[in-house]
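Spelled out from the first residue to the last, the chains are:
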Amino acid sequence: MIGFLVKKLIGSKNDREIRRLRPLVARINEIEAGLSSLSDDDLRRKTAEWKARLSQIRDNAELAAALDELLPEAYAVVKNVCRRLTERRAEVVVRGHTIVWDMIPFDVQIIGAIALHQGKIAEMATGEGKTLVATMPVYLNALTGRGVHVVTVNDYLAQRDSEWMGAIYKFLGLTVGCIVHDQPPAVRREQYACDITYGTNAEFGFDYLRDNGMALRKEDQVQRGHYFAIIDEVDSILIDEARTPLIISGPAVRTFDDQYLRWKPAVESLVRAQQRLCEQFLEQARKLIQQLRPADGRRPENAEELEMEIGLLLYRVKMGQPKSEGLLRLLEDPENLRLMNRAELELHKDQKKAELFRQKEELYFAIDEKSHDADLTEKGRMFLSPNDPDAFMLPDITLALHEIESDPNLDARGRLEAKTRLQQEFEAKAQKIHAISQLLKAYCLYERDVEYVVQDGKVIIVDEHTGRLMPGRRWSDGLHQAVEAKEGVTIERETQTLATITIQNYFRMYQKLAGMTGTAETEAQEFWDIYKLGVLVVPTNKPVRRIDYNDSVYKTKREKFAAVLREIKEIHAQGRPILVGTISVEVSEMLSRMLRKEGLVHSVLNAKYHQQEAEIIARAGQRGAITIATNMAGRGTDIKLGPGVAELGGLHVIGTERHEARRIDRQLRGRCARQGDPGSSHFFISLEDDLMRLFGSDRIVKYMERMGLEEGQELQHPLLNRSIEQAQKRVEQHNFQIRKRTLEYDDVMNRQREVIYGFRNEILRADNVRDRLLEIIEEVVVQKVQQFTTDDEEFDRWNVRGLADWVNLTFPLGLTEAQVLEVARKGGDLPPRDSLYDGLSAAQYAVARWIVEGVRRAYELKVSFEDPEQLKVLERYTILSAVDRLWQEHLYEMDSLRYSIGLRGYGQRDPLIEYKAEAYKLFEDLMTNIKSEICHNIFRSATSLLAFESFLQSIPKQLLHQSASAFGGQGASDSAGGSKAEEVVREAAAAVEKSQPVRVGPKVGRNDPCPCGSGRKYKHCHGR
Ligand SMILES: Nc1ncnc2c1ncn2[C@@H]1O[C@H](COP(=O)(O)OP(=O)(O)OP(=O)(O)O)[C@@H](O)[C@H]1O
Ligand SMILES: [Mg+2]
C-alpha cells in the first residue's frame, strides 16, 4: 500500500518533470521551423562556429552553461537535418544494407534527448527510437571538441548506430568513429580523435586499461579523455554487466608450460630412485635404533655416535621424502623425533654448512618443506643427465658476463651477441631447472585428496584451513601446472591479471554520464546511489495497446512447459508471430526440441551472433514466425510487424519463467506493441522455478494447496502477480546489496589505481624523467638512512654496516663503513624545513646527502657513456616497468586479500574495515617497493641491451645481489649478527667463494600460505 502511494508520488513527480519540459520542446520546434530557409552550408557553418567557440571554453561550469543555452538551437538543427534527409529520401548504408532515412524526432524523443543532456537516464520503451534520441545530446556535446562516447551492448550495434546516425553528424561536418574488437591501436586512436565515438563498454574500458596500465609511450595511448558518455541499454551495462569487472590478463611473466610434460617421466623415475634410497636409509636407521635401545635396556657404549647417526639418517629422509610413511611411523616415537631435530639443528649451525651440503649430496634431490625448496644435487643431476651434469647447473652469469666484457677478441657487436646468447642459454636452463623443481614438489609435497583433488580433469586446491574446494584458484609459479602434469590432466596456461577495473568505476570517471533503456525505473534507486543518475520516464509516442495477461502458475515445470507448448500452437494457428523468452540457453534448447517434435518451424537466439540475431529478430514480427530468445538476444533491434499482422492482434510474447529482476521481464514484454501496435504478453510459472522455490512467499504455495490444484491445472489471479513481484523485489534488493558491497571493496582498489595510473601518466607524458628519477633515488636514500640509523648522535647504535651494504648492493658506489661514520661525525647543518630531508638529524642529513651526491656522480658518469635519446627512453622504461610489474603483483595480492577476508568469517568486525586497513598496508609496501626497485634497476640497465634489464628482473633476488656486489660492494666480512642485508651479502659471498651452482628454485610464492602453518601469507610471516 505504502509502495503504491510512493509510486503514485514518484509518478506524479515524473509527470511534472515532463510537463516542465514541454515549453522547451515547443521552442525547439519553433526554431526548427525557421531553419528550413537555410542552406545545408548554413547549417554546417553554424556548427563550425559553435564548435570553434565552445571548444575554447576551459572552465567546466562555464561550458555547461553555454551548452544549456545552445541546446534549443542545436537540437533544432539536428531535427532539421532529419527533415532534410527524410525529404530527400536520403540513402544510408548500414551494415551493408541501404536504408532510406525516414525519421524526424517526435516530441517525446526530444524530451528524452533533453534528459540525456541533463545527465539522466531516459526510460523509453522499445521501438521508441532511442538511437535517434541520442543524436541530439551527442551533437550538442560534441561541439565542445572533447569527444562524446556512445556506449552500446555489442560491436554490431556500435557499428550499426555509428553508420546509421553518422548520416546526421556527417551532414553537419562532424566526425564519427567506432571502436570494435581487433582494431590495432593506430586505428583506435583515429576513432577516439573523432568528435563522436561509438563502441561497447568493454572496448572503452579495455582501452582505458591499456592506455593507463600498459602503454609504454604516450604515442601508444589511444583515448583522449572521458568527457561525456551516453550508455544505451544502460541497465544491462551498468547493472547486469557490472557484476564482472573488466580484466586484462596476459600470460604470466614466467611460464614453462611445455616443460612440465617433458620432464615428467624423468622426474618420476628420479622420485622412485629417491624413494628406494630413502627406504635404505630408514632400514639402516631401524637397525641402529635396535642397537641403541637393545631389548635388555642397556645403553651401548657408542650411544652418542649412534644417536647422531640415526638423527642424520632420519633427517636425510625428511629432506628426501618428507611425506614418507616409514619416516612418519618412526617419528611417532618422540625419542626418534628428538634425534632428528637435534641433527637438523646441528646441521643448520653456521659453521656446519659444508656438512649440511654433504648430507644433501647423499640424496638425488633435497626438499625443504618449510621454504618449499626442491634442489637437485650432484647425484640427481648425474641421474638425469649422466653425460652432461652441467645441463642442470646455471653458469655464473656475473663471471661469464665479465669474461665477455674483457675478451679482447670481441668487438662491440660480438660482445652484444655473446651476451645475448649467454642470457638465452641461462634462461633456458633456468626454465628447465625451475620446471623440475616444481615437479619434484608436486610429487613429494602435494598429495592428491589432501592438498588438492582432481575433478572433471581439473586440479582443484583444497583450502588447508577450511577443507573447502577452491575452484578457479591456482597455485602460482608453475606449481599448479606441475601438479596437472603429475595427474595427467590438461595443463592450463598460466595467466595473470595485468590490469582490471569495474564497469562502475570506469564510467564514474566521465565528467558527464547519461543513459537510455526501456527499463530503468525498477532500478532507479541503484542508479542514483551508485552513479548519481536520475531516471526520467518518457511517455510513449503513441498510447500502449499491449494486453498483459495474468501469470499462469503450475505446480511443476513439466506442466508449465506443456501449457507453453499448447499456447504456442494455438496462437501460431491464428497466424500471429510469437516471441518466446527464456532465462537460459538450456531452456531455449529444450523448448526448441519440443517445437521440433511438433514440427513447428522456429528460430533460436542466444546472444552469441549479434549481427545475424539482429536480422532474425527484425523478421520476428512476420506472419507465423516463432522465435525463441534468451534475455539478451537481439536487444537493441526492434520487432516490426509484418503485413497483416496488426489485424490479427500483433506479436504475442510468452515468458517461460519470471526472471529474478522485474526489469528483465518488462524488457521482454516491451518487445511487442511498439509504437502503438497491438500485442500481448503472457508469463508461465511453476512452483519448481528457482525464483519460486527460493523466494516465492509461502502464501502462494498455501493458496495453491488450499485451492486443491490438480495435475495440469493452472492458477491465475491478479493477486498472484503481485506476490510474485514481491518475490522479485526481494531478490533485486538482495542483488543490489551484493553489487554495492562489491563496489565498496572496489573503491579501495580504485583509489589505489588512481594514484598508480596518475604517477604512471606523469612519467609517460613527461619529456624528461631524469629529475623525477633522481628524486626517487633521494627519497629512497632518506628512507634507508632513517631505517639504518638513529636521529641521536649515538653512532654505535647505528647499523652502519646495513646501510653500507644496502648502498653497495643498490648502486655502484662501494663505500665503506668507515667513510659513512666519518661523514656522520663531521655532521653539518640541519636539513631545510619541508624538504625531502626534513626530520633527519644533522648527521643523518650529512650522510644522506653524501650518498645522494655519490649516486648523482655515478649517474652522470653513466650518462656520459650512453646515447642521450635512448637513455631517455630507458629511464622511462625503468620506472614504468617497475611500476607495472609490482602493480600487477599487487593486483594479485589484493585479490587474495579479498578472498581471504571473505573466508575469515565475520566475528565482531566488519570485514570491509579489515580489508581497507590491510589494503592500505599493502599499498604502502607497494609504493616503497616500486621506488626501491627503480633504484635497484637504474644502474642495471643499459641502452645497448634493453633486454638485459628485464632479464635481470626475472632472475631471483639472490643472484641480483651477487651481481650487485660485483659492482664493487665491499663483499663479506666475518662480522657476526646484524641485518638482513648483511646476511644476504654473506650468503652471496659464501656462495661465490665455494663457486657453488646458483639454483633457481623459486621459494614459496610471496602470497602462498606460509609453510609454517600460521595461516598467514608467507611474506607476512616467515617471508618477511
Ligand atoms: N522519429 C521517428 N520517426 C519514424 N521512425 C522512427 C523514429 N524514431 C525511430 N524510428 C524507428 O523506430 C525503430 C526503432 O528504433 P530504435 O531501434 O532506435 O528503438 P529503441 O528505442 O532503441 O528500441 P530498443 O529498446 O529495441 O533498442 C527504427 O526502425 C527507427 O527507424
Ligand atoms: Mg535501441
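Structure shown above.
1. Section: the overall build of the protein
Step number 1: The number of helices and strands found in the protein is 37 helices and 23 strands.
Step number 2: Taking contacts inside the protein between residues at least 6 apart in sequence as the whole, the part at least 24 apart equals 74%.
Step number 3: Total accessible area on the protein is roughly 47,700 Å²; 51% of this is exposed by carbon and sulfur atoms.

2. A look at unusual backbone geometry
Step number 1: Phi at Lys532 takes a positive value of approximately 55°, unusual for a residue other than glycine.
Step number 2: You can see Lys532 is positioned in the loop between α20 (524–531) and β16 (534–537).
Step number 3: Within the chain, Asp834 stands out as a residue other than glycine whose phi angle is a positive 60°.
Step number 4: For Asp834, the position within the fold is in the loop between α31 (817–826) and α32 (842–865).
Step number 5: Residue Asp834 is classed as exposed on the basis of its relative accessible area of 71%.

3. Topic: the environment of Met692
Step number 1: Summarising the element assignment, Met692 is placed in helix α26 (residues 690–695).
Step number 2: Overall, the relative accessible area of 8% leaves Met692 in the buried class.

4. Comments concerning the site of ligand 1
Step number 1: Of all residues adjacent to ligand 1, which total 20 residues, the nearest are Ile104, Thr126, Lys130, Thr131 and Lys640.
Step number 2: Between Lys130 and ligand 1, the recorded distance is 2.8 Å, taken from a side-chain N or O atom to an oxygen atom.
Step number 3: About the coverage of ligand 1: the protein hides 90% of its 640 Å² of free accessible area.
Step number 4: Counting residues per element, the shell around ligand 1 draws most heavily on helix α5 (residues 130–142), which supplies three residues.
Step number 5: Taken together, the residues of the shell around ligand 1 sort by class into seven nonpolar, six polar and seven charged.

5. Examining the pattern of salt bridges
Step number 1: Tallied over the entire structure, the rule returns 62 salt bridges.
Step number 2: Ionic pairing is found between Asp195 and Lys51, a salt bridge with its closest N-O pair at 2.8 Å. Within this pair, whereas Asp195 is found in the loop between α7 (185–193) and β6 (196–200), its partner Lys51 is found in helix α2 (residues 40–54), the two being separated by 144 residues in sequence.
Step number 3: Taking relative accessible area as the criterion, Asp195 reaches 6% and is therefore assigned buried.

6. Focus on the sheet that holds strand β12 (residues 458–462)
Step number 1: On the basis of which strands lie adjacent, the open sheet formed by three strands has the order β11-β12-β13 and antiparallel pairing. What marks the edges here is a single partner per strand, and that holds for β11 (452–455) and β13 (469–470).
Step number 2: Its contacts with the sheet put helix α18 (residues 479–487) on β11 and β12, and the angle it makes with β12 is roughly 125°.

7. Thoughts on the packing of aromatic side chains
Step number 1: A complete count under the given rule lists 14 aromatic pairs for this structure.
Step number 2: When the centroid spacing of 6.3 Å and the interplanar angle of 70° are considered together, the rings of Tyr227 and Phe228 count as edge-to-face.
Step number 3: Since its relative accessible area comes to 4%, Tyr227 is described here as buried.
Step number 4: Ring plane angle 65° and centroid distance 4.8 Å describe the contact between Tyr745 and Tyr915, whose orientation is recorded as edge-to-face. Of this pair, Tyr745 sits in helix α28 (residues 718–765) while Tyr915 sits in helix α34 (residues 911–938), placing them 170 residues apart in sequence. Neither Tyr745 nor Tyr915 differs from the other in exposure class; each is buried.
Step number 5: Joined through ring pairs, the aromatic side chains of Tyr208, Tyr506, Phe507, Tyr510, Tyr757 and Trp887 make up one cluster.
Step number 6: A cation sits over an aromatic face here: Lys379 above Tyr364, 5.4 Å from the ring centre.

8. Quick look at the environment of Leu579
Step number 1: Here Leu579 shows up in strand β19 (residues 578–582).
Step number 2: For Leu579, a relative accessible area of 2% corresponds to the buried category.
Step number 3: Sequence separation between Leu579 and His652 is 73 residues, and the spatial gap between their C-alpha atoms is 6.3 Å.
Step number 4: The residues touching Leu579, leaving out its near neighbours within four places in the chain, are Ile617, Thr627, Ala629, Ile639, Leu651, His652, Val653, Ile654, Leu668 and Arg671.

9. Side note on the side chain of Gln321
Step number 1: Tracing the chain through its elements places Gln321 in the loop between α11 (303–320) and α12 (325–331).
Step number 2: The exposure class of Gln321 is buried, given its relative accessible area of 17%.
Step number 3: The residues contacting Gln321, other than those within four sequence positions of it, are Gln275, Cys278 and Leu327.

10. Observations regarding α20
Step number 1: Along α20, the residues that are buried comprise Glu526, Phe527, Ile530 and Tyr531. Buried residues in α20, looked at end-on, bunch into an arc of 100°, giving them a common side.
Step number 2: Residues of α20 that are buried in the fold lie against β3 (120–123), α9 (234–240), α19 (503–507), β15 (512–517), β16 and α28.
Step number 3: Two residues or fewer past α20, Lys532 is found with a positive phi of approximately 55°.

11. Overview of the sheet that holds strand β4 (residues 148–152)
Step number 1: Taken in spatial order, the seven strands make up an open sheet running β5-β6-β4-β7-β15-β3-β16, and their pairing is parallel. The sheet is open, and its two edges are formed by β5 (176–179) and β16, each paired on a single side. Taking each pair of neighbouring strands and ignoring which way they run, the sheet shows an average axis angle of 20°.
Step number 2: Note: β4 against strand β7 (residues 228–232), four bridges, orientation parallel. Residue pairing in the sheet places Val148 in a bridge with Phe228 of β7.
Step number 3: Packing of helix α6 (residues 155–171) onto the sheet brings it into contact with β4, β5, β6 and β7, and relative to β5 it is tilted by some 175°.

12. Some points on the pairing of β19
Consecutive side chains along a regular strand alternate between the two faces of the sheet.
Step number 1: Within β19, five of the five residues are buried, which leaves the element mostly enclosed by the surrounding structure.
Step number 2: Residues Ile578, Val580 and Thr582 point to one face of β19 and Leu579 and Gly581 to the other, with burial holding for every one of them.
Step number 3: As paired strands, β19 and strand β21 (residues 626–630) are joined by five bridges and run parallel to one another. Looking at β21, one finds that Gly581 is bridged to Ala629.
Step number 4: Of the strand pairs in this sheet, β19 and strand β22 (residues 651–655) are connected by four bridges, and their pairing is parallel. Bridge pairing in β22 links Ile578 to His652.

13. Focus on the packing of helix α21 (residues 557–573) against helix α22 (residues 585–597)
Step number 1: With their axes 11 Å apart at the nearest point, α21 and α22 run at an angle of 55° to one another. With respect to their mutual orientation, α21 and α22 come out oblique. Every pair of crossing elements has a handedness; the one defined by α21 and α22 is right-handed. Of α22, the residues touching α21 (which contributes Phe561, Val564, Leu565 and Ile568) are Val587, Met590, Leu591, Met594 and Leu595.
Step number 2: Here the residues of the contact of α21 with α22 sort into nine nonpolar, no polar and no charged.

14. Considerations on the pairing of β7
Step number 1: Of all five residues in β7, five are buried, a share of seventy percent or more.
Step number 2: Burial along β7 is two-sided: the residues Phe228, Ile230 and Asp232 and Ala229 and Ile231 are all buried.
Step number 3: In this structure, β7 lies alongside β15, joined through five bridges in parallel fashion. Across the sheet, the residue bridging to Phe228 is Lys512, located in β15.

15. So, the environment of Asn750
Step number 1: Within the fold, Asn750 resides in helix α28.
Step number 2: Distance from Asn750 to Ile501, taken between C-alpha atoms, is 7.6 Å for residues 249 residues apart in sequence.
Step number 3: One polar contact links Asn750 to Asn505, side chain to side chain, over a distance of 3.2 Å.

Basis of the calculations
- Residues numbered from 1 in each chain as written.
- Chains lettered and ligands numbered in written order.
- Predicted model: local features only at pLDDT ≥ 70, side-chain atom pairs only at ≥ 80, totals over all residues.
- Heavy atoms only, no water.
- Helix = DSSP H or I, 4+ residues; strand = E, 2+ residues; numbered from the N terminus.
- Contact = heavy atoms within 4.5 Å.
- Areas by Shrake-Rupley, 256 points an atom, 1.4 Å probe, with all protein chains shown as cover.
- Buried < 20%, exposed > 50% of the residue type's maximum accessible area, 1.4 Å probe, protein only.
- Near = heavy atom within 4 Å.
- Polar contact = N/O pair within 3.5 Å; in protein donor to acceptor, adjacent residues only side chain to side chain.
- Nonpolar A, V, L, I, M, F, W, Y, C, P; charged D, E, K, R; others polar.
- Salt bridge = Lys/Arg side-chain N within 4 Å of Asp/Glu carboxyl O.
- Pairing = 2+ DSSP bridges.
- Axes fitted to C-alpha atoms, helices over the stretch in contact; angles between N-to-C directions.
- Phe/Tyr/Trp six-rings, centres within 6.5 Å; stacked < 30°, edge-to-face > 60°.
- Lys NZ or Arg CZ within 6 Å of the ring centre and 35° of its normal.
- Arc of directions from axis to C-beta.
- Parallel < 35°, antiparallel > 145°, perpendicular 65-115°, else oblique.
- Left-handed = near helix turned anticlockwise from the far one by under 90°.

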